[in-house]
Amino acid sequence: AGTLDPQATGVLICCINRATKLARFLLYGRKKYLAVLQLGHETDTQDATGEIIATHDVGPITDKQIREAFKQFEGGYRQTPPAFSALKHKGQPLYKYARRGKVVQKPPRDIDIESLQIGSIDLPCIQFEVACTAGTYVRTLCTDIGKKLGCGGHLKALRRLESSGFSIDEAISMPDCLKLSEAGMLSERIVPMADALRNIPGYVVNKTLTDKVKHGRMLIKNDLPGLMAANSPELFKLLDSDNKLIAVAGVHKTENRIKYHCGFNTESMQL
């Protein structure tokens, strides 16, 4: 569910078996990163993996100036995606064009920086945490902050601390994952689908409605009175009496019915 840049580490959600249906709901969740901005050098990839294209004197920048510059990027702003990215153009990732010397520039898009907290300042490096919406490029944020400070900059290091409600504390490394698999214990670390969509509210339905949902039959708004009274969230999980996920749904905008986004019509709902 998503990717990490080659130099980045941290949380990456992996959906398996039927849970791959949930990937699209996890792609657009809130992210949190720990990053290091290095001032004075601009690179063609906006991070430490690229070639230096400009060098500037950092100068006598004060902590106050740095904090004021960071403050200007909190909230919503229009960010231009980097040329070296996995965004597609005519079916090809942009980085493939960029590596061939053909730069394809996507138009700016709206993102939201929910919080931007400086951890330490040891010039030319600044460590900070950022919580943001999906689609935010932290390396572009570093480049933009560097420009705001007048000396340029690039992303030196990046670690994803959180993705769609899953934190780094819950994550497991690939070597440990393989060890658990060899010991036949990997299932102990698998998160049930009902618990995976942490930012989507759940609604338990009775057996009659469960049978309807599993067979894709239409539900009307009055079938879910408790949910409708709760200001009708855009998306919600439908759970059976055993708290197993049977569908992700929403309220149809113009008709008196529930709209299914994905469903699971078999009895085994673990994955």
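An account of the accompanying structure is given in this report. (Residues numbered from 1 in each chain as written. Predicted model: local features only at pLDDT ≥ 70, side-chain atom pairs only at ≥ 80, totals over all residues. Heavy atoms only, no water.)

1. Re the state of the cysteines
Threshold: By disulfide we mean two sulfur atoms from cysteines, separated by a distance within 2.5 Å. Per-residue accessibility, obtained with a 1.4 Å probe over protein chains only, is compared with the maximum for each type, and a residue is labelled buried under 20%, exposed over 50%, and partly exposed between these values.
Counted under the stated rule, the structure contains zero disulfides. For the unlinked cysteine Cys125, the closest cysteine sulfur is that of Cys142, found at 10 Å. Taking the relative accessible area as the measure of exposure, Cys142 reaches 0% and is therefore buried.

2. A word on the pattern of salt bridges
Basically, it comes down to this: Salt bridge, as used here: a side-chain nitrogen of Lys or Arg that lies within 4 Å of a carboxyl oxygen of Asp or Glu. Secondary structure elements follow DSSP: runs of H or I of four or more residues count as helices, runs of E of two or more count as strands, with numbering from the N terminus.
Scanning the model with the defined rule gives nine salt bridges in all. Across the pair Asp110 and Arg78 runs a salt bridge, and its minimum N-O distance is 3.0 Å. Taken together, the residues span a long stretch of sequence, with Asp110 in strand β8 (residues 109-122) and Arg78 in strand β5 (residues 75-79) at a distance of 32 residues. The pair Asp110 / Arg78 is uniform in exposure class, with both members exposed. Salt-bridge contacts for Asp211 lead to Lys207; the nearest nitrogen and oxygen are separated by 3.2 Å. Of this pair, Asp211 and Lys207 both sit in helix α7 (residues 207-214), four residues apart, which is roughly one turn of the helix. The class of Asp211 is partly exposed, set by a relative accessible area of 31%. According to the relative accessible area criterion, Lys207 is exposed, its value standing at 63%. Through salt bridges with shared partners, one network takes in Arg30, Glu114 and Glu162.

3. Section: the nonpolar core
We apply this condition: Residues belong to one nonpolar core when they are buried, are Ala, Val, Leu, Ile, Met, Phe, Trp, Tyr or Cys, and are joined through side-chain atoms within 4.5 Å. Residue contacts are defined here by distance: any two heavy atoms, one from each residue, within 4.5 Å place the two residues in contact.
Core analysis: the biggest nonpolar cluster contains 28 residues, and Phe70, Phe128, Val130, Val138 and Leu141 have the highest contact counts within it. Of all elements in the fold, only β2 (31-39), α2 (63-71), β8, β9 (125-132), α4 (138-149) and β10 (153-163) reach the threshold of two or more residues within this core. Ranked by the residues each element gives to this core, the list is headed by α4, at five residues. Sequence-distant contacts of Phe128, defined by excluding residues within four places in its chain, comprise Tyr33, Leu34, Ala35, Leu37, Phe70, Leu116, Gln117, Ile118, Gly119, Val138, Leu141 and Cys142. Within the second largest apolar cluster, 18 residues are counted, among which are Val11, Leu22, Leu26 and Val248.

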